[in-house]
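# Summary of structural features
If you want the building blocks of each chain, they are given just below.
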Amino acid sequence: VIPRMHPPLTVRLATAADRPAVDALRRAAYADAPWMPGIRLDAVVTAHDEPGTVVFVVEGAGGLLATTALRLVHALDELRAALDAPVDAALLARGPVAVSQRSAAAPAARGLGLMPLLRWHYVSAARAAGAGAI
């Protein structure tokens with residue numbers, strides 16, 4: 001038997017009421033990430049999420065602990081812009097591509113495995129939505 005070491009976690013889609021908390025979480029995580037120097041924190045807020053983006057959150061007893069945004073991209077130029085990289089048009093032949101963006105974990109929650117937990121949920125959602133690639 002594995003002892004319960006943490007309060008229960010809930011993974012769910014964010015609501016409009018969650019936006020301030022998601023924005024605060026994203027800002028805190030990106031500000032504290034040494035691998036993201038010079039990022040404009042005002043650029044990571046939900047107001048800049050593309051239309052059709054869904055936001056997943058992991059919630060614990062103290063509030064939101066992690067988040068990621070997911071959207072389905074149907075057009076090649078939009079996919080190239082989302083990834084900021086060259087993309088072969090054949091990638092879209094199997095259907096829309098699910099793009100995960102703006103993943104963030106509260107600095108105190110890093111190392112708890114929350115990103116793999118979110119990944120399982122968004123991969124499952126992308127498959128159910130008919131994504132041909134992620």
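Fair warning: this is a prediction, and the values are worked out from it, not measured in the lab. (Residues numbered from 1 in each chain as written. Predicted model: local features only at pLDDT ≥ 70, side-chain atom pairs only at ≥ 80, totals over all residues. Heavy atoms only, no water.)

## Focus: the pattern of salt bridges
Oppositely charged side chains are able to pair whenever their charged atoms sit close together. To keep things clear, this is the line we draw: Salt bridges are defined by distance alone: a side-chain nitrogen of Lys or Arg within 4 Å of a carboxyl oxygen of Asp or Glu. Burial classes: relative accessible area under 20% of the type maximum marks a residue as buried, over 50% as exposed, and values in between as partly exposed (1.4 Å probe, protein chains only).
Evaluation of the coordinates by the stated rule reveals 7 salt bridges. For Arg40, the salt bridge is made with Asp42, and the minimal N-O distance between the two is 3.1 Å. Residue Arg40 is classed as exposed on the basis of its relative accessible area, which comes to 54%. Overall, the relative accessible area of 40% leaves Asp42 in the partly exposed class. A salt bridge links Glu78 to Arg71; the nearest nitrogen and oxygen atoms lie 2.8 Å apart.

## Digging into the environment of Arg26
Applicable threshold: Helix and strand assignments follow DSSP, with helices taken as H or I runs no shorter than four residues and strands as E runs no shorter than two, numbered in order from the N terminus. Contact criterion: two residues are considered in contact whenever any of their non-hydrogen atoms come within 4.5 Å of each other.
When you line up the elements, Arg26 lands in helix α1 (residues 19-31). C-alpha of Arg26 to C-alpha of Ala66: the two residues are 40 residues apart in sequence and 8.5 Å apart in space. Contact partners of Arg26, with chain neighbours within four places excluded, come to Val44, Val45, Thr46, Asp49, Val55, Thr67, Ala69, Arg102 and Ala104.

## A few points about unusual backbone geometry
In this model, Asp84 sits at a positive phi of 50°, which is unusual for a non-glycine residue. Its place among the elements puts Asp84 in the loop between α2 (76-83) and β4 (97-105). The exposure class assigned to Asp84 is exposed, which follows from its relative accessible area of 72%. The residue Arg102 is not glycine, and still its phi comes out positive at about 55°. The class of Arg102 is partly exposed, set by a relative accessible area of 22%.

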